[in-house]
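Summary of structural features
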Amino acid sequence: DGGITQSPKYLFRKEGQNVTLSCEQNLNHDAMYWYRQDPGQGLRLIYYSQIVNDFQKGDIAEGYSVSREKKESFPLTVTSAQKNPTAFYLCASSLTRLAGDTRNEQFFGPGTRLTVL
Amino acid sequence: ELKVEQNPLFLSMQEGKNYTIYCNYSTTSDRLYWYRQDPGKSLESLFVLLSNGAVKQEGRLMASLDTKARLSTLHITAAVHDLSATYFCAVDISGGSNYKLTFGKGTLLTVNP
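My aim in this report is to walk through the structure given alongside it, one point at a time. Chains are numbered independently. Their residues run from 1 in the order of the written sequence. All chains are assigned letters beginning with A, and all ligands numbers beginning with 1, in the order in which they are written. At least 70 in pLDDT is required for a residue's local features to be given in this predicted model, at least 80 for side-chain atom pairs to be given and counted, and no such filter applies to totals for whole chains, interfaces and linings, which use all residues. As a convention, hydrogens and water are excluded, and side-chain values are obtained from all of the structure's heavy atoms.

Side chains that differ in sign of charge can pair as their charged atoms come close. The term salt bridge refers to a pairing of a side-chain nitrogen on Lys or Arg with a carboxyl oxygen on Asp or Glu at a separation within 4 Å. Inspection of the entire model under this criterion finds four salt bridges over all chains. Among the ionic pairs, A:Asp38 bridges to A:Arg44, the shortest N-O distance being 2.8 Å. A 1.4 Å probe rolled over the protein chains alone gives each residue an accessible area, and that area as a share of the maximum for its type sets the label: buried under 20%, exposed over 50%, partly exposed in between. Judged by its relative accessible area of 14%, A:Asp38 is buried. A salt bridge links B:Asp38 to B:Arg36; the nearest nitrogen and oxygen atoms lie 2.9 Å apart.

Here it is as structure tokens:
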């Protein structure tokens with residue numbers, strides 16, 4: 001089955017610790033995204049990547065870092081510089097215009113719930 | 001800065017009734033998306049609206065887009081309990097070039113028997 005997987009489902013972080021959230025897709029999508037969702041809020045874009053080895057900051061990139069070494073993978077590191085990391089993190093992917101797609105429909109993974117202890 | 005506003009943010013309705021959720025946005029766009037989220041779950045794509053006047057229907061849900069008014073609506077017909085969820089609209093103002101979506105805060109829909 002094609003889809004997007006995220007791991008772990010739940011993650012607990014101690015103060016001052018860096019943690020990495022995994023996102024993998026086998027949909028052959030070029031573009032991948034990381035969003036943060038806080039209770040009662042919409043999604044806010046952290047980082048996105050349209051091709052391998054390239055990524056751009058979203059609206060709330062401070063305290064986060066990403067890499068895109070493979071088309072299938074887009075891990076997110078929440079660093080100790082992120083002062084309020086407790087949230088639900090969602091990864092998404094989509095085709096791009098280069099692939100002949102004009103819809104830019106984003107498909108989401110199941111999410112990782114991060115809690116700071 | 002693009003603003004996407006949904007209203008109402010909370011909607012409690014009885015089974016069998018009709019209602020409409022509104023999504024207003026502040027900058028020109030011809031691409032709008034509706035998603036559904038169940039509690040503690042991920043987002044599920046419902047509709048992709050790509051042009052002025054676009055209308056899509058799936059079951060008891062119908063979405064429309066008026067790009068001149070910068071308004072999309074999600075109409076619920078004869079609501080059933082299974083429709084209880086949070087509904088988000090999202091807008092792409094990039095013309096499809098950089099794939100950034102801006103989401104509304106969501107409408108929490110509760111359908112009561």
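A few words now on unusual backbone geometry. Omega for the peptide link from A:Ser7 to A:Pro8 comes to -5 degrees, which places this bond in the cis form. Among the secondary structure elements, A:Pro8 is positioned in the loop between strand E1 (4-7) and strand E2 (10-13). Residue B:Pro8 is bonded to the preceding B:Asn7 through a cis peptide linkage, with omega at 0 degrees. For helices the rule is a DSSP run of H or I covering at least 4 residues; for strands it is a run of E covering at least 2, with both sets numbered from the N terminus onward. Tracing the sequence through the fold places B:Pro8 in the loop between strand E1 (4-7) and strand E2 (10-14). The phi torsion at B:Arg70 lies on the positive side, around 55 degrees, for a residue other than glycine. Position of B:Arg70 among the secondary structure elements: in the loop between strand E7 (61-66) and strand E8 (71-76). The backbone of B:Ala78 sits at a positive phi, close to 50 degrees, despite the residue not being glycine. Residue position: B:Ala78 is located in the loop between E8 and strand E9 (85-92). Assessed through its relative accessible area of 24%, B:Ala78 is described here as partly exposed.

A few words on the sheet that holds strand E3 (residues 19-25) of chain A. Residue and element names in this part refer to chain A. The criterion for strand pairing is that DSSP finds at least two bridges linking the strands in question. Strand order in this open sheet of four strands is E1-E3-E8-E7, and the pairing throughout is antiparallel. Where the open sheet ends on each side, the last strands, each with one partner, are E1 and strand E7 (64-66). Pairs of neighbouring strands in the sheet enclose a mean axial angle of 20 degrees, with direction left out of account. Two elements, E7 and strand E8 (residues 76-78), share three bridges in a ladder whose sense is antiparallel. In the strand pairing of E8, Tyr64 is matched with Val78. Here an axis means a line fitted to C-alpha atoms, over the contact stretch when the element is a helix, while the angle between two N-to-C directions is reported on a 0 to 180 degree scale.

Let's shift gears to the interface of chain B and chain A. A contact between two residues is defined here by any heavy atoms of the two lying within 4.5 Å. Taken together, the contacts link 23 residues of chain B with 25 residues of chain A. One can count zero salt bridges joining chain B with chain A. Polar contact is the term for a pair of N or O atoms within 3.5 Å; when the atoms are in protein, one must be able to donate a hydrogen and the other to accept it, and sequence-neighboring residues count only if both atoms are side-chain atoms. Where chain B touches chain A, the interface holds four residue pairs in polar contact (both at pLDDT 80 or more). Of all the secondary-structure elements, those providing two or more residues to the side of chain B that touches chain A are strand E4 (31-37), strand E5 (43-49) and E9 of chain B. It is E4(B) that provides the largest number of residues to the side of chain B that touches chain A, a total of four residues. Residue classes follow a fixed rule: Ala, Val, Leu, Ile, Met, Phe, Trp, Tyr, Cys and Pro count as nonpolar, while Asp, Glu, Lys and Arg count as charged, and any other residue, Gly among them, counts as polar. Broken down by class, the residue content of the side of chain B that touches chain A amounts to nine nonpolar, nine polar and five charged.

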